[in-house]
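Structure assessment
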Amino acid sequence: MIRIQEHVDLLPYNTFKIAAKARYFVSVTTVDELRELINHPVYKQNTHLIVGGGSNMLLTGDYNGLVIKNDLRGIETVSENDATILLKAGAGEPWHAFVMFCVTNNYGGAENLSLIPGTIGAAPMQNIGAYGVEVKDLIQTVEAIDTTTGELRVFTNEECAFGYRESVFKRALKGKYFISSVTLSLTKKDHKLNTSYGAIQQTLDQQHATASIKTISDAVISIRQQKLPDPTVIGNAGSFFKNPTIDQSHYETLKKTHPEIPGYFSDNQKVKVPAGWLIEQCGWKGKTIGNVGVHPHQALVLVNYGNGSGENIQTLAQDIRDSVNKKFAIDLQPEVNII
Ligand code: EPU
């Protein structure tokens, strides 16, 4: 049975810790509750904002519609054999809790994605990724409910149209589906351990540890804790911008004036440049402006030190974007959803 609340403070529901109110708010814990909601007049007469962990959005003001908190929980085994196991997790399940479930049971594949904030349902939305792994590498299917008809649709991995921090749910089907569960494929043996990201191998070497699901997870947790602010302590939404991809010719030109510019070549004559480096070069790293700022250990992360507004963050983001554009002729694109 759903309960729609009015004028709800959204501060506990967004990791940027922005004080904003929702005109209406509802928590949905089952598919039946979602279907009940779809027939409710408040749903029919208002715009909707679906939230999971609220870890990838910036609220720029009150939300004058219905906020739907996805609280569908549970992890179950769909099938398994000697080599692999398929796990189906409710969209409202915290992502890190799912990773810890896999690590504890020695199921391989998700360990590089330890400590990423947010929920299972948000993971396919933006194809979360870190330390050489993206969630698209694990996703078998995504179950979602049509937000108009209430019908269930099962998306195959291909139908999700995953890209770098991209999926069909963010693009062509934006707002059209409510993700109810995700089924992921994990290994039970012959694990494909990924230590390609330098800092993971360095951490393992320092600890004289050999690579395993558990040691990689521990290494990732320790790297993230050193570099990234804990959203329960300092408001933030992880990387604020995406790492931009530029033409090789543009990169070569920049290399003449900035020989130390990092770049990762891809096969289509494009180069991915770390946005954190560009922002740091513009002098933003560690800067504080009023109640908001740029994190001192990772320039790609904007932070709210308390009482900062969504507008304060947005202004800071725009100023950063302008200075990067002026210095490097690169237009940074936000990774977070600006509401
Ligand atoms: N760098 C700097 N200064 C900084 C930050 C980064 O010079 O302040 C340069 C360095 O050259 C460094 C490179 O950027 O070697 C890469 O930095 P890092 O390894 O911290 O990764 P990132 O590219 O900044 C991406 C993801 C993170 C993910 C890490 C690790 C995006 C937008 N961000 O960051 O994801 O944890 O890689 O794999 O792709 C997130 O999406 O919220 C997120 C935290």
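On a predicted model such as this, the values are computed, not experimentally measured, just so you know.

Considering helix H6 (residues 213-227)
Taking 1.5 Å of rise per residue, the 15 residues of H6 would be expected to cover 21 Å, and the 21 Å separating its terminal C-alpha atoms lies within 8% of that figure. Among the residues making up H6, those that are buried are Ile213, Thr215, Ile216, Ser217, Ala219, Val220, Ile221, Ser222, Ile223 and Arg224. Buried residues belonging to H6 abut helix H3 (95-104), strand E8 (129-130) and helix H5 (198-206).

Let's talk about the side chain of Asn46
Checked against the element boundaries, Asn46 lands in the loop between helix H2 (41-45) and strand E3 (48-51). A polar contact is formed between the side chain of Asn46 and the backbone oxygen of Val42, at a distance of 2.8 Å. Not counting the four nearest positions on each side in its chain, Asn46 is found in contact with Tyr24, Asn64, Gly65 and Leu66.

Quick notes on the domain arrangement of the protein
Taken domain by domain, the protein consists of domain 1 (5-70), domain 2 (75-227) and domain 3 (235-338). Taking only C-alpha atoms, the centre of domain 2 and the centre of domain 3 are 26 Å apart. Taken together, the eight residues of domain 2 in the interface contact eight residues of domain 3. The contact between domain 2 and domain 3 buries some 670 Å² in all, and 36% of this surface belongs to carbon and sulfur atoms. At the boundary of domain 2 and domain 3, one finds two salt bridges. If you look at where domain 2 meets domain 3, you find five residue pairs in polar contact (both at pLDDT 80 or more). In terms of residue class, the side of domain 2 that touches domain 3 is made up of one nonpolar, two polar and five charged.

Comments concerning the nonpolar core
Core analysis: the biggest nonpolar cluster contains 43 residues, and Phe240, Leu278, Ile279, Leu302, Ile320, Val324 and Leu332 have the highest contact counts within it. Looking at this core, the elements with two or more residues in it are strand E2 (21-28), E3, strand E4 (57-58), strand E5 (63-70), helix H7 (248-257), helix H8 (275-281), strand E18 (292-294) and helix H9 (310-328). The element best represented in this core is H9, accounting for six residues. When residues of this core are sorted by domain, at least three fall in each of domain 1 (5-70) and domain 3 (235-338). With 42 residues, the next largest nonpolar core counts Ile85, Cys102, Val182 and Ala219 among its residues.

So, the pairing of strand E6 (residues 75-80)
Inspection of the sheet shows E6 paired to strand E7 (residues 84-90) by five bridges, in the antiparallel sense. Across the sheet, the residue bridging to Thr77 is Leu87, located in E7. In this antiparallel pair of consecutive strands, E6 and E7, the connection spans three residues.

Overview of the sheet that holds strand E15 (residues 264-265)
In spatial order, the strands read E14-E16-E15; together these three strands make up an open sheet with antiparallel pairing. What marks the edges here is a single partner per strand, and that holds for strand E14 (245-247) and E15. As defined by bridge partners, E15 adjoins strand E16 (residues 270-272) across two bridges and the pair is classed as antiparallel. Bridge pairing links Tyr264 to Lys272 in E16. Packed onto the sheet, H7 meets E14, E15 and E16 and runs at close to 90° relative to E14.

Rules used throughout
Residues numbered from 1 in each chain as written. Predicted model: local features only at pLDDT ≥ 70, side-chain atom pairs only at ≥ 80, totals over all residues. Heavy atoms only, no water. Helix = DSSP H or I, 4+ residues; strand = E, 2+ residues; numbered from the N terminus. Expected span 1.5 Å × (residues − 1). Buried < 20%, exposed > 50% of the residue type's maximum accessible area, 1.4 Å probe, protein only. Contact = heavy atoms within 4.5 Å. Polar contact = N/O pair within 3.5 Å; in protein donor to acceptor, adjacent residues only side chain to side chain. Domains from an automatic or database assignment. Buried area = accessible area lost by both parts, 1.4 Å probe. Salt bridge = Lys/Arg side-chain N within 4 Å of Asp/Glu carboxyl O. Nonpolar A, V, L, I, M, F, W, Y, C, P; charged D, E, K, R; others polar. Core = buried A, V, L, I, M, F, W, Y, C linked by side-chain atoms within 4.5 Å. Pairing = 2+ DSSP bridges. Axes fitted to C-alpha atoms, helices over the stretch in contact; angles between N-to-C directions.

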